[in-house]
Amino acid sequence: MGSSPSQIQLPDNVQIISRSSDGSSSRSKGFKEVEITSSDKGSTSQASNRPKTSKWQSHLDEVTDGQDYNEILAKHGVSLNENSNAKDYPEDELVMETFYHNSGTSYSCIYQSGQRYYLDSWETMDWQPFPNEWYEEGVLVTEQEQAPGQVAGGMGDDREGSLDHPDRGKLSTYLFEESRNVHYWYDDTSGTWIKMPLSWELRSEIVSKLLNPVEEAVPEWKDKHDMLAALRASNYDPHDTIATYMAAGEAGHIQALKNDEDAKILKEKEGKVIELTTKFKKLKRRYDKQGQELEEQKKERKNAEDLIAQLRDRVSTLEAERSSTIAQLEAFQQSSKGRRGSIKSEAGLHPDVAKALKKVVTQLHKEHVELRIEAVRNFQKMDELIKQARAGSTKLALANQGSSEEVDELRDLYRRECLQRKLLYNKLQEMRGNIRVFCRCRHDDNSLCCLDFGRDNEISTGGKKPYSFDKVFEPTSKQEEVFEEAKPIITSCIDGYNVCIIAYGQTGSGKTYTMMGPPEDPGVNVRSVKELLNICSEKTSVDFTLKASMMEIYNETVHDLLSDDLQQLEIRAKGNKITIPGLSEMFVESMEDIEHIMDLGDQNRSVASTKMNSHSSRSHLIFTITIEGRDKVSGSVTTGQLTLCDLAGSERVSKTEATGQRLIEAAAINKSLTSLGQVFTALRNGQLHIPYRNSKLTHVLQPCLGGDAKACLFVTVSPAERNLSETNSTMTFGSNARQVALGEAKRNVKKVPASSAWGLDSDSD
Ligand SMILES: Nc1ncnc2c1ncn2[C@@H]1O[C@H](COP(=O)(O)OP(=O)(O)OP(=O)(O)O)[C@@H](O)[C@H]1O
């Protein structure tokens, strides 16, 4: 797919398409030519003031011969500023622009005080005067025209192609974007575009490029017509075609769901999720109640055991007392016998003394008998109490056993329900397109809130049409609530999905607060890692390895934040895969590890910003956690990635700060955020070419924004009236991103040989 910027995306009803470079026509009924001719090929322009760039056509019936090209574009809110005088910006206005050169290179430009400059390279950071001849060699698009999510510019028109027909010769083809992509060929004789038959389409350049990866991935799929039919059904997405084939099984029956069926299934699934959620909540309540009862029973059992212990103590004491009493009695009997003998023998005792002594002995004997009776009675009572306590204890143990069985059963059921819920959630996410957009309004004690929070997750400003999001968080929302909403997406990276959380908003609107947060009330980053570590420790059947990396993108250069020398890194692409050679990765086993990594990254970021005399809010921060899970039984390996991205402030640069380095920073931020918007737009429109490489940011994020990822975007806004214009722009970006369907997210699972499942083959990684 070429990246020649010969097509600009205009509002829905407008499309401008270039001629192919070999001059083959793409004229048609319904295609009125707008003659913007290249100077080297000789001008055939119909209006002298049309830009002399490449050849352009407009897919507009409304265009009439002789009508001015700029007028048409202006009508649709787009201006191609072909020279500095073409559009008069107010004297004090600073305009950020992108120049798309016909060679395929794009440049950041600024227009200031009647002068236009371009940034030659991000390395030299020098603004050069815009060369006059360039006005004839490309297209200038202003920041407003390509404001994120509104209009995408500068994408190569890789929809144009040709085919060699045995009888008709070389034919021009074009893949039109209707409600779905439809491939046409141009019939010169009738001057019309005609839908292509399957057998012709197999000869087309575009289609053979798309079929190549399918053939490579599924060599057993021999029937090319069948393959092409599946490609058509997948809207010309080869990855989807492969996935559909795989899902359909060996028989190769392609079953693409019809749109209305999708909606029906989605509705059913939603119903099922609600039903399951209710069931799950009920079960959870039951489980909690059982848990409480179990706790109470445990307490009772503990009390009974205490009582038994006390009683045992008492028994021992009484037994000891009894033995001592018996011993005393025996001693007394012996002594009284002796005494009686001695009294008898002491015939000479005074009769009164003898009488008193006899009385004492009788009394003692009586007491002894009473004591014995009392002791026997106590023993009986104790035996009874011990019996009772034993019976109670057995009963409790049985009850305990019964309830723990019930609790185990409930726990099992609960786990199963959770799993089913997760599966359904994934399905629902896939069907919804896997991008969730949340809007968070920051808390601000110093200003009144000028935003209205409607019901159903809507937010509006000054009584205007509300913006709707998947969830709107009001200023009072807690970090925990915010995390809870993103949690299901985040945790799915454990199951092998690529997940991306992005915070977008004006400086000071709460991006860092949402992502990082203060240490005492952490944001999404720390909570996510904590949750991931918890889940990993619970899943004992899988060996997990977590690795973290942290990088910063400043002025279109990538820096490693976990290495002390802050080296600049290159991005390498291989197919859909992106690698950043040299990027440091650190193992994470505990929260302490992650705190250390974040501190290190933070320190290096401050050092970098001091070195570059910048502020951290002017760079994008990307924190990545890679989770590899090796199933101990099956040996399968899942690899998921969680990418957390705190973007640079999205506000437009103002005239006051528009000097030197600030201007370079602003141009870099403008370029990357605009590219992000363009990627979203291209994904939303289902375009074949997604311009990931337009900026370092989108290039790095490519794996998270592609068809096999799940994304979540937090747009953060300020409640203050003075920020209203930026707030509106942020919310527009968010609601546009919400229309994006990333496609079905795919798990990254690979089977490994049985030996490596047991860790014997260390090379398998
Ligand atoms: N929801 C919130 N509740 C309380 N304070 C908040 C909230 N959001 C942001 N703040 C506070 O507002 C200030 C600015 O927030 P923060 O640094 O997160 O903004 P930012 O969008 O990341 O800005 P930058 O683009 O400069 O990084 C901070 O002092 C932060 O503590």
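Residues numbered from 1 in each chain as written. Predicted model: local features only at pLDDT ≥ 70, side-chain atom pairs only at ≥ 80, totals over all residues. Heavy atoms only, no water.

Enquirer: I'd like a description of the overall build of the protein, backed by residues and values.
Expert: Per the secondary structure count, the protein includes 15 helices and 29 strands. Going through the 765 residues of the protein one by one, you find that 48% of them count as buried. Across the protein, the fraction of contacts at a sequence separation of at least 24, relative to all contacts at a separation of at least 6, is 67%. By element, 49% of the accessible surface of the protein is carried by carbon and sulfur atoms, the whole surface being about 39,200 Å². (Helix = DSSP H or I, 4+ residues; strand = E, 2+ residues; numbered from the N terminus. Buried < 20%, exposed > 50% of the residue type's maximum accessible area, 1.4 Å probe, protein only. Contact = heavy atoms within 4.5 Å. Areas by Shrake-Rupley, 256 points an atom, 1.4 Å probe, with all protein chains shown as cover.)

Enquirer: Give a description of unusual backbone geometry that names residues and reports values.
Expert: A positive phi angle is found at Tyr236, which is not glycine, with a value near 65 degrees. Mapped onto the fold, Tyr236 is located in the loop between α4 (224-233) and α5 (238-248). Of note in the backbone geometry, Asn555 takes a positive phi value of approximately 45 degrees without being a glycine. Its place among the elements puts Asn555 in the loop between β20 (542-554) and β21 (557-560).

Enquirer: Outline the sheet that holds strand β6 (residues 106-112), supporting the account with residue identities and numerical values.
Expert: Read across the sheet, five strands follow the order β8-β7-β6-β5-β9 without closing on themselves; strand pairing throughout is antiparallel. Edge strands, defined here as strands with exactly one partner in the open sheet, are β8 (127-129) and β9 (138-142). Across the sheet, the axes of successive neighbouring strands diverge by a mean angle of 35 degrees, strand direction being ignored. The pairing of strand β7 (residues 115-119) with β8 spans three bridges and is classified as antiparallel. Bridge pairing in β8 places Tyr117 opposite Pro129. (Pairing = 2+ DSSP bridges. Axes fitted to C-alpha atoms, helices over the stretch in contact; angles between N-to-C directions.)

Enquirer: Just give me the short version of the pattern of salt bridges, but keep the residues and values in it.
Expert: Between side chains of opposite charge, a pair can form as their charged atoms come close. Enumeration over the complete set of coordinates arrives at 15 salt bridges. We note a salt bridge from Asp470 to Arg738, for which the minimum N-O separation is 3.1 Å. Of this pair, Asp470 sits in the loop between β17 (467-468) and β18 (471-473) while Arg738 is found in the loop between α14 (724-737) and β29 (749-750), placing the two residues 268 residues apart along the sequence. For Arg738, a relative accessible area of 31% puts it in the partly exposed group. A salt bridge links Asp521 to Arg527; the nearest nitrogen and oxygen atoms lie 2.9 Å apart. By relative accessible area, which is 25% here, Asp521 ends up partly exposed. A single salt-bridge network, built from bridges that share partners, covers Arg436, Asp470 and Arg738. (Salt bridge = Lys/Arg side-chain N within 4 Å of Asp/Glu carboxyl O.)

Enquirer: Tell me about the sheet that holds strand β15 (residues 451-453), residues and numbers included.
Expert: A sheet is described by the order of its strands in space; here three strands give the open sequence β15-β16-β17, paired in antiparallel fashion. With one partner strand each, in any of the chains shown, β15 and β17 form the two edges of the open sheet. Where strand β16 (residues 458-461) lies against β17, two bridges are found, and the strand directions are antiparallel. The residue of β17 that forms the bridge with Ile459 is Tyr467.

Enquirer: Now, about the site of the ligand: what can you tell me, with residues and values included?
Expert: Taken together, 13 residues sit near the ligand, with Gly508, Lys511, Thr512, Tyr513 and Ser617 positioned nearest. At 2.8 Å from an oxygen atom of the ligand is found a main-chain nitrogen or oxygen belonging to Gly508. In this structure, an oxygen atom belonging to the ligand sits 3.1 Å away from a main-chain N or O atom of Ser509. Out of a free accessible area of 620 Å², the ligand has 72% covered by protein chains. Among the residues forming the shell around the ligand, the class breakdown is one nonpolar, nine polar and three charged. (Near = heavy atom within 4 Å. Polar contact = N/O pair within 3.5 Å; in protein donor to acceptor, adjacent residues only side chain to side chain. Nonpolar A, V, L, I, M, F, W, Y, C, P; charged D, E, K, R; others polar.)

Enquirer: So what's going on with the packing of helix α3 (residues 205-217) against α4? Residues and values would help.
Expert: For the pair α3 and α4, the least separation of the axes is 11 Å and the interaxial angle reads 105 degrees. On the basis of the axis angle, α3 is roughly perpendicular to α4. Where α3 abuts α4, its residues Val207, Leu210, Leu211, Val214 and Glu215 lie against Lys224, Met227, Leu228 and Leu231. Residue classes in the contact of α3 with α4 are distributed as seven nonpolar, no polar and two charged. (Parallel < 35°, antiparallel > 145°, perpendicular 65-115°, else oblique.)

Enquirer: So what's going on with the packing of aromatic side chains? Which residues, and what values?
Expert: For the coordinates displayed, the defined rule picks out 13 aromatic pairs. Relative to Trp134, the ring of Phe130 has its centre 5.6 Å away and its plane inclined at 90 degrees; by these criteria the two rings are edge-to-face. Since its relative accessible area comes to 12%, Trp134 is described here as buried. Relative to Phe733, the ring of Tyr504 lies with its centre 3.9 Å away and its plane at 5 degrees, an arrangement referred to as stacked. Separated by 229 residues along the polypeptide, Tyr504 in strand β19 (residues 498-505) and Phe733 in helix α14 bring together distant segments of the chain. With respect to burial, Tyr504 and Phe733 carry one shared label: buried. Clustering of aromatic rings is evident, with ring pairs tying together Phe99, Tyr107, Tyr118, Phe130, Trp134 and Tyr135. Above the plane of the ring of Tyr497 lies Lys710, whose end atom (NZ or CZ) is 4.2 Å from the centre. (Phe/Tyr/Trp six-rings, centres within 6.5 Å; stacked < 30°, edge-to-face > 60°. Lys NZ or Arg CZ within 6 Å of the ring centre and 35° of its normal.)

Enquirer: How would you summarise the nonpolar core if you had to cite specific residues and measurements?
Expert: Ranked by size, the top nonpolar core spans 48 residues in total, and within it Phe469, Phe680, Leu697, Leu701 and Leu713 carry the most contacts. Elements supplying a minimum of two residues to this core: β14 (435-441), β19, β20, α12 (660-684), α13 (696-705), β28 (709-717) and α14. With seven residues, the single largest contributor to this core is α12. Beyond its immediate sequence surroundings of up to four residues, Phe680 is in contact with Ile435, Leu705, Leu713, Phe733, Ala737 and Val740. One finds Ile494, Leu533, Ile625 and Leu644 within the second-largest nonpolar core, a separate group that totals 42 residues. (Core = buried A, V, L, I, M, F, W, Y, C linked by side-chain atoms within 4.5 Å.)

Enquirer: Residues and numbers for the packing of α12 against α13, please.
Expert: For any two helices packed against each other, the geometry is given by the interaxial angle and the distance between the axes. Relative orientation of the contacting elements α12 and α13 amounts to 35 degrees, with a least axis distance of 10 Å. You can see that α12 and α13 cross each other, and the crossing is right-handed. In this structure, α12 contributes Ser672, Leu673, Ser675, Leu676, Val679, Phe680 and Leu683 to the contact, and α13 contributes Leu697, Thr698 and Leu705. (Left-handed = near helix turned anticlockwise from the far one by under 90°.)

Enquirer: Run through α4, naming residues and quoting values.
Expert: Inspection of α4 places Met227, Leu228, Ala230 and Leu231 among the buried residues, and these make up the whole buried set. Looking straight down α4, one finds its buried side chains confined to an arc of 160 degrees; they lie on one side. You can read the cap of α4 off the contacts: a side-chain oxygen lies 3.0 Å from the backbone nitrogen of His225, and it is on Asp223. Following α4 by one or two positions, Asn235 has its phi on the positive side, about 60 degrees. (Arc of directions from axis to C-beta.)

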